[in-house]
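Listed here are the chains, written in short residue letters.
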Amino acid sequence: MTATQPRAVDDHPSCGCAAPRATTPPAVPADPVAAAFSAWMHTCRSAGWHPAVSGETVTVDAARDRVTSAELRARHPVPAYRAAAMDGIAVTSGPDPREGPVELGPAEFDRVDTGDPVPDGRDAVVMREQVAFLPGGSAVVTGPWPSPGRHLRRIGEDVESGAVVLPAGHRIRPVDAAALAAVGHTTVSVRRRPVVAIVPTGDEIRPIGSSLRPGEILDTNSLMLAGLSEDAGCTALALPVVPDDPDRITAALAHAAERADLVLVIAGSSAGRDDHTGSVLDRLGRVAVRGVAMRPGHPVLLGVLECERIVPAVGVPGYPGSAERAFACFVRPLLDRLLGRDCDPVTERAIPARLAVALRSPEHVEDHVRVRLARIPHPRTAEERLVAAPLPRGAGALTTLVQVEAVLRIPAGTGELPAGTAVLVAPVAGAPCAPDTVVVRGRRSAATEALVDVRAAELPAGAMAWVACPEADAIDSLADGLCHAAALALPLRQGRPDERAIAAYARRLGPITVLEVARTADLVEVLVVPGASASCRPVEGLRAALGSMAFRRRLRDRTVALEGPPRATR
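Let us look at the overall build of the protein. When you go through the protein residue by residue, the secondary structure sums to 12 helices and 35 strands. Taken along the three principal axes of its C-alpha coordinates, the protein extends 95 × 85 × 50 Å. Within the protein, the fraction of its 570 residues that count as buried is 48%. The contacts in the protein between residues at least 6 apart in sequence include a share of 74% that link residues at least 24 apart.

Below is the structure:
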């Protein structure tokens, strides 16, 4: 049994003997995350666990973000009476249409405003703009004579009495609460919020706000997991840090299982000397999955605690990037099941994008790549598309979790994805979607490094994606709509950039703008920008940075050691 292959405890030989050692590594499942989740659910059900929480009743004004426990139907129709849909007059249209301006006596119409009940006997409304009122109380209809039902809302036009307003398993939004109140609900039956107990472990872990000594780490994972649990509609129970002592961890988990519907144990899920989560879960219940073929998040443990209550448990890896993936792939889907939400346990809502650069993914794992998104117009069609720029990898990089806008899931066995590959990325809830990210490909030099320094300091972290590559590749990417600009070096001819090279680029790309970065004696460094991108926000930011004093100072600092510092373009 390798750490990359999920298994159920039920598969152990009944005699208690060790299973035969495999002579070749087992094949990685086509979808290792789905396979691991399925094995976990099977083990939990085998232990007697049922994926549901009880219901409760709350007032409609307190129902926001709660999940309905049953379908909710309209107790009365909306509107509950025949209502005017326009300001004007209510009339009796009659069986036959009437031609020309029609004069009505005072008894032949009633004045109404939008939302007013329409008096019995009236079956249409003439809008105010088509009515002229006369002295003595009469009125003239100057527009077309209305047909029956014109500008009149029938009873139940919006919602019929008894109609389903919300299904079971629906998370109530503010608009949903308003709709429920409109159809007669003052209270709502909802699922109880599941309680998620979070148990941080480790001799080196300290509570938030502690003064740290070398080797000590703040318990930021508890803070993150508690917030993610609350966002999922649960109540988070963050418990004190437990030292790396198996007996104390066992007592802490047993206590947590008495109070929670799900227990998360932070750290200790790997194979180090002080990693005790697996053995403790074996002592208190069963381990269904020891590691999943995914990156990041490989060391995750999935099991169930069989104490006085049967409670699922997750051994969450200690690295923040791995902890977040463990939550997204396993904890959140389980919480959705507890709340009765009908969803695919491992599928996240995805949108199409194209890769800004080639990606190499290990074939033996499902790779989760965090990306920034950029909106880049195609140079020929000006059609704006989303481009995904990968962020630096590293399961321990907390800053990447702040920078990420979407996650790309690369199936196991994929290998390499070329630049421009069409992919599906799952947007991160609450993250901005490509407002500022700028993608540049091509030359890296002291001058372009100075520009990167200045512009990156003005942008959110991770929003500056400058990819070094040969200039021909940069132009190819620009022509394919994969970057905003190409960084190139052009020869100077009589003090001007080589016009023949610029003309060749224009033939390839269509109208272009050339932004000068810096010059040496015989070369000028430029950004080539298609006309379709010239006025977009990311390029405007580059243009402003090039004209700034901060860029000039940084350029001077970066080139001071070079022979003849380049001249910044005015």
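Past the structure itself, the notes keep going.
Looking now at the pattern of salt bridges. Under the criterion given, the structure shown has 37 salt bridges. Across the salt bridge formed by Asp247 and Arg283, the nearest N and O atoms sit 3.1 Å from each other. With Asp247 in helix H4 (residues 246–259) and Arg283 in helix H5 (residues 277–284), this residue pair connects regions lying 36 residues apart in the sequence.

What follows deals with the packing of aromatic side chains. Under the criterion given, the structure shown has 2 aromatic pairs. Geometrically, the ring pair formed by Phe37 and Trp40 is edge-to-face, given 5.9 Å between the ring centres and 85° between the ring planes. In this pair, Phe37 and Trp40 both sit in helix H1 (residues 32–46), 3 residues apart, roughly one turn of the helix. Accessibility assignment for this pair places Phe37 and Trp40 in one class, buried.

A separate point is the sheet that holds strand S5 (residues 102–104). On the basis of which strands lie adjacent, the open sheet formed by 3 strands has the order S5-S9-S8 and antiparallel pairing. Two strands in the sheet have a free side with no partner beyond their single neighbour: S5 and strand S8 (131–133). The mean inter-strand angle of the sheet, taken between neighbouring strand axes irrespective of direction, is 25°. Where S5 lies against strand S9 (residues 139–141), 3 bridges are found, and the strand directions are antiparallel. The residue bridging Glu103 from the neighbouring strand is Val140, located in S9.

Should pLDDT be low for a region, the predicted coordinates there are not to be read in detail. Mean pLDDT over the protein stands at 89; residues scoring 70 or higher make up 90%. Mean pLDDT per element in the protein: strand S35 (residues 567–568) is the minimum at 52, and strand S13 (residues 195–200) is the maximum at 98. Below a pLDDT of 50 lies the segment residues 1–25, which in the model reaches 40 contacts outside its immediate sequence neighbourhood of four places, other chains included.

With that out of the way, let us pick up the nonpolar core. A general tendency of soluble globular proteins is for nonpolar side chains to be buried together. Counting residues in hydrophobic clusters, the biggest one holds 40 residues, and the most contacted among them are Trp40, Leu262, Leu264, Leu302, Val314, Phe330 and Leu335. Looking at this core, the elements with two or more residues in it are H1, S13, helix H3 (220–231), strand S17 (262–266), strand S18 (285–290), strand S20 (301–306), strand S21 (310–316) and helix H6 (320–338). Counting 26 residues, the second largest nonpolar core, distinct from the first, contains Met464, Leu527, Ala534 and Leu542.

For the rest of this paragraph, the subject is H1. Spanning 15 residues, H1 covers 21 Å between terminal C-alpha atoms, matching the ideal 21 Å at 1.5 Å per step. Buried within H1 we find Pro32, Val33, Ala36, Phe37, Ala39, Trp40, Met41, Thr43 and Cys44. Just downstream of H1, Gly48 is the residue with a positive phi angle, here 100°.

Our focus in this paragraph is unusual backbone geometry. Cis geometry is adopted by the peptide bond preceding Pro79, which originates at Val78 and carries an omega value of -5°. With respect to the element layout, Pro79 can be found in the loop between strand S2 (72–73) and strand S3 (83–84). Arg295 connects to Pro296 through a cis peptide bond whose omega is -10°. Along the chain, Pro296 falls in the loop between strand S19 (294–295) and S20. Of note, the phi angle at Ala382 is positive, near 65°, even though the residue is not glycine.

In this fold, Glu324 is placed in helix H6. The contacts of Glu324, once residues within four sequence positions are left out, are Met224, Arg370 and Leu401.

Attention now moves to the pairing of strand S30 (residues 464–468). Of the strand pairs in this sheet, strand S29 (residues 438–442) and S30 are connected by 5 bridges, and their pairing is parallel. When the sheet's bridge partners are listed, Val439 is paired in S30 with Ala465.

Turning our attention to the sheet that holds S21. Pairing is mixed in the open sheet, where 6 strands are placed in the order S16-S13-S17-S21-S20-S18. In this open sheet, the two strands that pair with only one neighbour each are strand S16 (235–238) and S18. When the angles between neighbouring strand axes are averaged without regard to direction, this sheet yields 20°. With 6 bridges joining them, S20 and S21 adopt antiparallel strand pairing. Directly across from Glu306, in S21, lies its bridge partner Ile310. Lying on the sheet, H1 is in contact with S17, S18, S20 and S21; it crosses S18 at an angle near 170°. Of the strands in this sheet, S13, S16, S17 and S21 touch H3, which is tilted by about 170° from S13.

All right, on to H4 then. Its 14 residues place the ends of H4 20 Å apart at the C-alpha level, agreeing with the 20 Å of an ideal helix rising 1.5 Å per residue. Restricting attention to buried positions, one finds in H4 the residues Ile249, Thr250, Ala252, Leu253, Ala256 and Ala257. Viewed end-on, H4 has its buried residues packed into an arc of 165°, placing them on one side of the element. Those residues of H4 that are exposed and angled more than 90 degrees off the buried face are Asp247, Arg248 and Ala251.

For the rest of this paragraph, the subject is the packing of helix H9 (residues 471–479) against helix H10 (residues 499–509). At a minimum axis separation of 10 Å, H9 and H10 run at an interaxial angle of 35°. H10 is crossed by H9, and the crossing has right-handed handedness. Residues Ile475, Asp476, Leu478 and Ala479 of H9 pack against Tyr505, Arg508 and Leu509 of H10.

With respect to the helices and strands, Val331 occurs in helix H6. Once the C-alpha coordinates of Val331 and Ala313 are considered, the two residues, 18 residues apart in sequence, prove to be 9.2 Å apart. Ignoring anything within four residues of it in the chain, the contact list for Val331 reads Leu262, Leu264, Val314 and Ala326.

Turning next to the environment of Asp245. Looking at the secondary structure, you find Asp245 in the loop between S16 and H4. Overall, Asp245 belongs to the partly exposed group, its relative accessible area being 29%. Sequence-wise, Asp245 and Ser210 are 35 residues apart; in three dimensions their C-alpha atoms are separated by 21 Å.

Across the 6 residues that make up S20, a large majority, 5, are buried. One ladder, built from 5 bridges, connects S18 with S20; its direction is antiparallel. Across the sheet, Val289 pairs through a bridge with Leu302, a residue of S20. The antiparallel pairing of S20 with S21 creates a hairpin that spans 3 residues between the two strands.

Definitions and limits used
Residues numbered from 1 in each chain as written. Predicted model: local features only at pLDDT ≥ 70, side-chain atom pairs only at ≥ 80, totals over all residues. Heavy atoms only, no water. Helix = DSSP H or I, 4+ residues; strand = E, 2+ residues; numbered from the N terminus. Buried < 20%, exposed > 50% of the residue type's maximum accessible area, 1.4 Å probe, protein only. Contact = heavy atoms within 4.5 Å. Salt bridge = Lys/Arg side-chain N within 4 Å of Asp/Glu carboxyl O. Phe/Tyr/Trp six-rings, centres within 6.5 Å; stacked < 30°, edge-to-face > 60°. Pairing = 2+ DSSP bridges. Axes fitted to C-alpha atoms, helices over the stretch in contact; angles between N-to-C directions. pLDDT = per-residue confidence, 0-100. Core = buried A, V, L, I, M, F, W, Y, C linked by side-chain atoms within 4.5 Å. Expected span 1.5 Å × (residues − 1). Arc of directions from axis to C-beta. Left-handed = near helix turned anticlockwise from the far one by under 90°.

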